[in-house]
2 protein chains.
Amino acid sequence: MPHLIDDAEALLHEHGFKITGQRTLLLQVLAGQSTYLDAEEIYELAHAQDTSISLATVYRTLNLFADLGLVDHRYIEPEHRREVFRMSEGPEQHYLTCVRCGARVLIHANLLNRMAHELVRRKGVSVITACACFTGYCPDCTAELQQTGKLPTGNSLPG
Amino acid sequence: MPHLIDDAEALLHEHGFKITGQRTLLLQVLAGQSTYLDAEEIYELAHAQDTSISLATVYRTLNLFADLGLVDHRYIEPEHRREVFRMSEGPEQHYLTCVRCGARVLIHANLLNRMAHELVRRKGVSVITACACFTGYCPDCTAELQQTGKLPTGNSLPG
DNA sequence: TTCTTTGCAAACAGTTTGCAGTGTT
DNA sequence: AACACTGCAAACTGTTTGCAAAGAA
């Protein structure tokens, strides 16, 4: 984990950006998380360590990190309004957001990657970002709703 | 086309909503489009027919239509901030938005549907909405950039 | 006549930005 | 010492809402 932070700071330095307390703190906060957080959540976590940090700096820093490729930057909420960020590490993640309890169900990216490849091959486009956002019910809510007869057991799909 | 509008008005009536000039106008505007439009664009088109219509009414009406299942309601821009709407008709559409010229490349939904099915089967979730959003370069921009050597010919993919 | 719907303007949420002061290099 | 970075507060964008007037049933 400190590895990641050192590498990130090296990258910052390499690009002529300064290593400030706020940037280091935000790297620590991000490195300690495995899921996406929104700017407010990241701000809360950082603010708990250093009460002087501002939300504006959180936004500016997250955008800087995103430009440098240090963090992924996505919109995964049911209403895709709020940006969410996480350290760019490991394979891409996609989510189904449960509209009943808010849980996020992690989705492996194989199929989406296959989709991106087909696009490239068949349409002649280039893909920069691919994002799949699902809403629905998480396994627990699905089971609960089915038991109470509020959801048909033949799982419905959109369309 | 008038079919669609009649059906929509019947549905409104059936749910106890009133058929107003604004609602009919917005149905006409929507029925005349095959692609997603944002609220502002829809407002412009409607306003050209009836200068008294307001943006607030456009938003309220689009939300009502979405609740009734008359229109699809999505976030497909590179920054998924702005909502877009289109008449719910025919198969689901997904897009790649070109970050260079803004073009939207239409994507068939087969693979995304397959992805949704796998989710249901493997994770025990229920899917309500599925949305795939890609950014990249459209075929024209891809070709142009590749000819000027600004993009490698082995098309890059995210990750 | 009743109760929904509308237009207007103000509110709202999330994000960005101008500025003067602070801190890294 | 130079200049990037920060906090603050104000601006901005897209969307929603309270209210009084207008309109559909």
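Before any of the text, the structure's been laid out above.
What comes next is a walk through the structure. All of these numbers come straight from a predicted model, not from anything done at the bench. (Residues numbered from 1 in each chain as written. Chains lettered and ligands numbered in written order. Predicted model: local features only at pLDDT ≥ 70, side-chain atom pairs only at ≥ 80, totals over all residues. Heavy atoms only, no water.)

## Digging into the overall build of chain A
Along the backbone of chain A there are six helices and six strands. Counted from the first residue to the last, chain A has its helices and strands arranged as α-α-β-α-α-β-β-β-β-α-β-α. Considering only C-alpha atoms, chain A reaches an extent of 55 × 45 × 25 Å along its principal axes. By element, 49% of the accessible surface of chain A is carried by carbon and sulfur atoms, the whole surface being about 8,100 Å². Measuring between centres, the 14 positive side-chain charges of chain A sit 9 Å from its 19 negative side-chain charges. (Helix = DSSP H or I, 4+ residues; strand = E, 2+ residues; numbered from the N terminus. Areas by Shrake-Rupley, 256 points an atom, 1.4 Å probe, with all protein chains shown as cover. Lys, Arg positive; Asp, Glu negative; His and termini not counted. Charge placed at Lys NZ, Arg CZ, Asp CG, Glu CD.)

## A closer look at the protein's contact with DNA strand C
Neighbouring residues of DNA strand C: 21 residues in total, closest A:Tyr59, A:Arg82, A:Glu83, B:Arg23 and B:Thr57. Put simply, 75% of the atoms of DNA strand C that lie within 4 Å of the protein are in sugar or phosphate. Separating a base oxygen of DNA strand C from a side-chain N or O atom of A:Lys18 is a distance of 3.1 Å. Within the backbone of B:Lys18, an N or O atom sits 3.2 Å from a phosphate oxygen of DNA strand C. For the surface near DNA strand C, the elements supplying multiple residues, two or more each, are α4 (55-67) of chain A together with α2 (21-31) and α4 (55-67) of chain B. (Near = heavy atom within 4 Å. Polar contact = N/O pair within 3.5 Å; in protein donor to acceptor, adjacent residues only side chain to side chain.)

## Here we look at the protein's contact with DNA strand D
In the neighbourhood of DNA strand D, 21 residues make up the surrounding shell, with A:Arg23, A:Thr57, B:Tyr59, B:Arg82 and B:Glu83 lying closest. A distance of 2.9 Å separates a phosphate oxygen of DNA strand D from a polar side-chain atom of A:Thr20. A distance of 3.4 Å separates a base nitrogen of DNA strand D from a polar atom in the side chain of B:Lys18.

## Some details on the packing of α2(B) against helix α3 (residues 39-49) of chain B
All names here are of chain B. Closest axis-to-axis distance for the α2/α3 pair is 10 Å, and the angle between their directions is 120 degrees. Taken as axis vectors, α2 and α3 run oblique relative to one another. Classified by chirality, the crossing of α3 by α2 is right-handed. Taking contact as the criterion, the partners of Leu25, Leu26, Val29 and Leu30 in α2 are, on α3, Ile42, Leu45, Ala46 and Gln49. (Axes fitted to C-alpha atoms, helices over the stretch in contact; angles between N-to-C directions. Parallel < 35°, antiparallel > 145°, perpendicular 65-115°, else oblique. Left-handed = near helix turned anticlockwise from the far one by under 90°. Contact = heavy atoms within 4.5 Å.)

## Examining α4(A)
All names here are of chain A. For α4, which comprises 13 residues, the first-to-last C-alpha distance of 18 Å matches the rise-based estimate of 18 Å (1.5 Å per residue) to within 8%. Three or more residues of α4 are buried, namely Thr57, Val58, Thr61, Leu62, Leu64 and Phe65. One side of α4 carries all its buried residues, which in axial view fall inside an arc of 160 degrees. Within α4, the exposed residues directed more than 90 degrees away from the buried face are Arg60 and Asp67. Looking one or two places after α4, you find glycine 69, whose phi comes out positive at around 80 degrees. (Expected span 1.5 Å × (residues − 1). Buried < 20%, exposed > 50% of the residue type's maximum accessible area, 1.4 Å probe, protein only. Arc of directions from axis to C-beta.)

## Observations concerning the sheet that holds strand β1 (residues 37-38) of chain A
Residues and elements named next belong to chain A. Here we have three strands laid out as an open sheet, ordered β1-β3-β2, and antiparallel in their pairing. Because the sheet does not close on itself, it has two edges, and the strands there are β1 and β2 (71-74). Pairing between β1 and strand β3 (residues 84-87): two bridges, direction antiparallel. Across the sheet, the residue bridging to leucine 37 is phenylalanine 85, located in β3. The strands that α4 touches are β2 and β3; relative to β2, the one it contacts most, it runs at about 110 degrees. (Pairing = 2+ DSSP bridges.)

## Quick look at the packing of aromatic side chains
All names here are of chain B. The full count for this structure, using the stated rule, is two aromatic pairs over all chains. Their ring planes at 80 degrees and their centres at 5.8 Å tell us that tyrosine 36 and tyrosine 95 sit as a pair that is edge-to-face. Here tyrosine 95 lies in strand β4 (residues 94-98) and tyrosine 36 lies in the loop between α2 and β1 (37-38), a separation of 59 residues in the sequence. The burial state of tyrosine 36 is the same as that of tyrosine 95; both residues are buried. (Phe/Tyr/Trp six-rings, centres within 6.5 Å; stacked < 30°, edge-to-face > 60°.)

## A word on the relation of the copies chain A and chain B
For the pair chain A and chain B, the relating rotation is 180 degrees, the translation along its axis is 0.0 Å, and the fit reaches an RMSD of 0.1 Å. Expressed as a symmetry operation, the mapping of one chain copy onto the other fits a two-fold axis. Residues of chain A ranked by C-alpha distance from the rotation axis are headed by A:Ala132, positioned 2.2 Å from it. Interface overlap between copies: 100% of the residues of chain A at the interface are likewise at the interface in chain B, consistent with a symmetric, same-surface contact. (Least-squares fit on C-alpha atoms with pLDDT ≥ 70 in both.)

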